[in-house]
Amino acid sequence: MKLEGSYDAKKVEDKIYKLWEDSGFFNPDKLPKSYKIKAKSFTIIMPPTNANGNIHAGHALVMTIEDIMTRYKRMKGFKALWLPGLDHAGFETQVVYEKKLEKEGRSRFVITSEELYKEILDFTLENKKNIESQIRKMGASCDWSREKFTLDKDIVKIVYQTFEKLYKDGLVYRGKKIINWCTKHQTSLSELETENTERQDKLYYLKYGPFIITTARPETKFGDKYVVMHPKDKRYENYKDGQKIKLEWINGPIEATVIKDEAIDMEFGTGAMTITPWHDPIDFEIAQRHNLDKKQIIDFQGRLLLIAGEFAGKKITEARPLIVEKLRSKGLVEKIDENYKHSVKTCYKCNSLIEPQIKDQWFLKMEPLAEPAIKVIKKGRIRFIPSHYKKIILHWLKNIIDWPLSRQIVWGIPIPSKICQICHYVMVDIDDKLKSCEKCRGNLQKDSDTFDTWFSSGQWPFATLRTNSEKDFKNFYPTDVMETAGEIIFFWVARMIMLGIYSTRKIPFKYVYLHGLVLDAKGQKMSKSRGNVINPLDITQKYGTDSLRIGLVMGNTPGQSLALDENKIRGYRNFANKIWNASKFVLINTKDYKPTVKKPKLTAKQIKNLKDLQKVIKEVTKLMDDFKFYYAAEKIYHYFWHVFCDKIIEESKPALAGIAELRRNSGGIAHELNNRHATQYMLLEMLSQSLKLLHPFMPFITEGIYQQLPIKDKKKCLMVESWPR
RNA sequence: GGGCGAGUAGCUCAAUGGCAGAGCACACGGUUUACAUCCGUGGGGUUAUAGGUUCGAAUCCUAUCUCGCCCACCA
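In this text, all values refer to a predicted model and were calculated from it rather than measured experimentally.

Looking at the pattern of salt bridges
Working step 1: As enumerated under the stated definition, the model contains 54 salt bridges in all.
Working step 2: Among the salt bridges present, the one from Lys184 reaches Glu102, with a minimum N-O distance of 3.1 Å. Here Lys184 is found in the loop between β6 (172-182) and β7 (187-189), whereas its partner Glu102 is found in helix α4 (residues 90-103), with 82 residues between them in sequence.
Working step 3: Given the relative accessible area of 40%, Lys184 is considered partly exposed.
Working step 4: On the basis of relative accessibility, which here comes to 48%, the residue Glu102 falls in the partly exposed class.
Working step 5: Overlapping salt bridges, with partners in common, bring together Asp29, Lys79, Asp143, Arg146 and Asp472 in one network.

With respect to the nonpolar core
Working step 1: By size, the foremost hydrophobic cluster in this structure holds 174 residues, and its most contacted members are Leu364, Phe384, Phe644 and Phe697.
Working step 2: Ranked by residues supplied to this core, first place goes to helix α19 (residues 629-656) with 12 residues.
Working step 3: Filtering out sequence-adjacent residues up to four positions away, Phe644 remains in contact with Ala582, Val586, Tyr639, Ile649, Leu683, Met686 and Leu687.
Working step 4: Membership of the second largest hydrophobic core comes to 28 residues, among which are Leu206, Val227, Leu304 and Ile316.

What about the sheet that holds strand β19 (residues 417-420)?
Working step 1: With antiparallel pairing, the 3 strands of this open sheet are ordered in space as β20-β19-β21. Looking at strand neighbours, the two that pair on one side only are β20 (426-428) and β21 (444-446), the edges of this open sheet. This sheet shows a mean twist of 30° between the axes of neighbouring strands, independent of strand direction.
Working step 2: Pairing of β19 with β21 involves 3 bridges; the strand directions are antiparallel. Bridge assignment links Lys418 to a residue of β21, and that residue is Lys446.

Digging into the packing of helix α9 (residues 367-378) against helix α10 (residues 389-398)
Each packed pair of helices is defined by two parameters, the angle between the axes and the distance between the axes.
Working step 1: The contact between α9 and α10 brings their axes to 10 Å, and the two run at 160°. When the axes of α9 and α10 are compared, the pair comes out roughly antiparallel. Like other packed secondary-structure pairs, α9 and α10 cross with a definite hand, here left-handed. Across from Ala370, Ala373, Ile374, Ile377 and Lys378 in α9, the residues of α10 making contact are Lys390, Ile393, Leu394, Leu397 and Lys398.
Working step 2: Taken together, the residues of the contact of α9 with α10 break down into 7 nonpolar, no polar and 3 charged.

Looking at the sheet that holds strand β4 (residues 85-87)
Working step 1: Read across the sheet, 3 strands follow the order β2-β4-β5 without closing on themselves; strand pairing throughout is parallel. Each edge of the open sheet carries a strand with a single partner, namely β2 (49-50) and β5 (148-149).

Quick notes on the packing of aromatic side chains
Working step 1: The final tally for this structure, using the stated rule, is 36 aromatic pairs.
Working step 2: Judged by centre distance (6.4 Å) and plane angle (85°), the ring pair of Phe163 and Phe455 falls under edge-to-face. One end of the pair, Phe163, is in helix α6 (residues 153-168); the other, Phe455, is in helix α11 (residues 453-457), and 292 residues separate them in sequence. Comparing Phe163 with Phe455, the two get one shared label, buried.
Working step 3: A centroid spacing of 6.0 Å and a plane angle of 40° characterise the contact between Tyr513 and Phe629, whose relative ring orientation is tilted. You can see Tyr513 sitting in strand β24 (residues 509-515) and its partner Phe629 sitting in helix α19, a full 116 residues away along the chain.
Working step 4: Classification of Tyr513 as buried rests on a relative accessible area of 3%.
Working step 5: By relative accessible area, which is 4% here, Phe629 ends up buried.

Rules and cut-offs
- Residues numbered from 1 in each chain as written.
- Chains lettered and ligands numbered in written order.
- Predicted model: local features only at pLDDT ≥ 70, side-chain atom pairs only at ≥ 80, totals over all residues.
- Heavy atoms only, no water.
- Salt bridge = Lys/Arg side-chain N within 4 Å of Asp/Glu carboxyl O.
- Helix = DSSP H or I, 4+ residues; strand = E, 2+ residues; numbered from the N terminus.
- Buried < 20%, exposed > 50% of the residue type's maximum accessible area, 1.4 Å probe, protein only.
- Core = buried A, V, L, I, M, F, W, Y, C linked by side-chain atoms within 4.5 Å.
- Contact = heavy atoms within 4.5 Å.
- Pairing = 2+ DSSP bridges.
- Axes fitted to C-alpha atoms, helices over the stretch in contact; angles between N-to-C directions.
- Parallel < 35°, antiparallel > 145°, perpendicular 65-115°, else oblique.
- Left-handed = near helix turned anticlockwise from the far one by under 90°.
- Nonpolar A, V, L, I, M, F, W, Y, C, P; charged D, E, K, R; others polar.
- Phe/Tyr/Trp six-rings, centres within 6.5 Å; stacked < 30°, edge-to-face > 60°.

Written out as structure tokens, the structure is:
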């Protein structure tokens, strides 16, 4: 690489990445000898990237921050391991693939699950390759020899072992419980995969025998045969718990039962309501408490069942007005509140209404898992950056509910359980050995469900290390930093902490660094529908990876969202060019410099200049240790441009000038020659130290220039130079 | 209903008890032999509001306002 013209990132980046990768230094076991003296390790497990598309701006930020940490620690002499991985991303990928199918005019429901699985697998593996090269493009110094994929056989085996252990410990259980059902995607979802949406609906006041009850969903009321009120409600003190009441209802006369329960809000409506335990979580709980019947009204496609009589087979949306009409004609409608504001649950992917349903599934008991997690977080053994996330995660952990693990989609890790077709006994069978029911010898049927993808990624830190080797697990676990998006603190971070402690009896990581969202230049969330998505690879192509990287870091405090403005990146492209030109100047003026010569005698000014640099190094190092990369980057930027370039280089021009010019300046030639030599020494010293400080942020350009420097004891790569002290 | 974050120069954000800063933008002036993707100079602030603590507050406390986000089972 020659230093001429202005800096052209495209010409050098791929070559430099190859130099690094070929050196083997991404692998902490293959670092140069000097590194092994300090046996301490530094580990980051890369959040496994979803292999269902291209990397987006958020990934670029992940790669940048984690690479900065890794390169910094590596230069500090740690055995730095950054372990890369990719995620099959169960539901997320299936949703992406279903959209693709829709575009092609196909539907997942007419393809056999084997075929669908195969298609999505091909799709994912293709994307996986693609993303691996995009991660390289970002300059990520991760150890590809240890790369993991969430569907690797050995990873799946660990996931199964954890599941079995949880089962044996009584923490995972099969339950007929109410779940969030997405009618479009035909699967259950966890709480986190649903959203609450504010809506304005009608609230119906209906005559239910002697009571007036309220409902927003008249179409679910067919089977309602319990009317519930608060035990302390004076208005209903004449009605006894368990009392039977005959009354006329939608499809004829029924016998209703009075239930008293404290869950009822006396302020709401008339303080009396009927319950639909199959399709409402609160009603379900009341029914559980009083041991009441539960009846399904709506099927999994969102259509009314036979219980609805004449309305059976109709979609709930079309049935609702018809049902209200019938109620009205029977004189059962007291009044309708037209402006009823409430929030409804929707699927976080398709925004369609969630239909609560009772379904037999696997659940994970969370409280016993959360307890030790709460303890270590409270004690500060896991530190959050920024620190307020500590409160957020503790609040969530303290109010945790059981986690439904089963998903009715093909794209995922199959749940290793079998059910007896005769006695319905359920067995966990991780080695696929069982041929018949342990209890009644009946035939077994495999569970067709798959795990929630977060169940496997929740085991990622120890699973990745263990499957590489037990030695790796010993050397690199617990890991040091988990760096990821603040958005997925519950989805992922909390579960890694719980499952990590459960499986290994150790915390999985010491620091959790959470970055914010990357927004567009106007501070808007990027989305395909808005059409404001910035592709990081386009930016890289235009301005170079280094410019994008430092642009993503500067002014980006952890936890806070960041506006990605192309103008800003252009500014850092200029900075890259500045580095290039300053280096060019130093190299041109040090052609006759001999690195083997002893350190020359420096002037007082030169000594002071070097001392100032020492100060900057100290400050930057402190900031790096405090995870304040945005601030460290700014300090180096300022030093390089406005001190080194604007002052030092300018001031050293006379001393570097040719002898003819020096004669005119009087003074002894020998002295001036010495001064020239000393100036060269100072400039090279400052340049090489600056390049080291800049390297974690802008690895490509700094490495490229380093390769040209005429300095003593040069390493093979700047990447493995020691961090300045 | 509860919680969290933010509010500082035109814009994007730093600075958490000690002279309020940077980048971009703007204005003026520069072909100084690395760089016009550059250099020099400059304007621009009652740190959202009100009160309090302190020798000293953007920073700590109290209240209020605005914006954003998260959590929550009013049928």
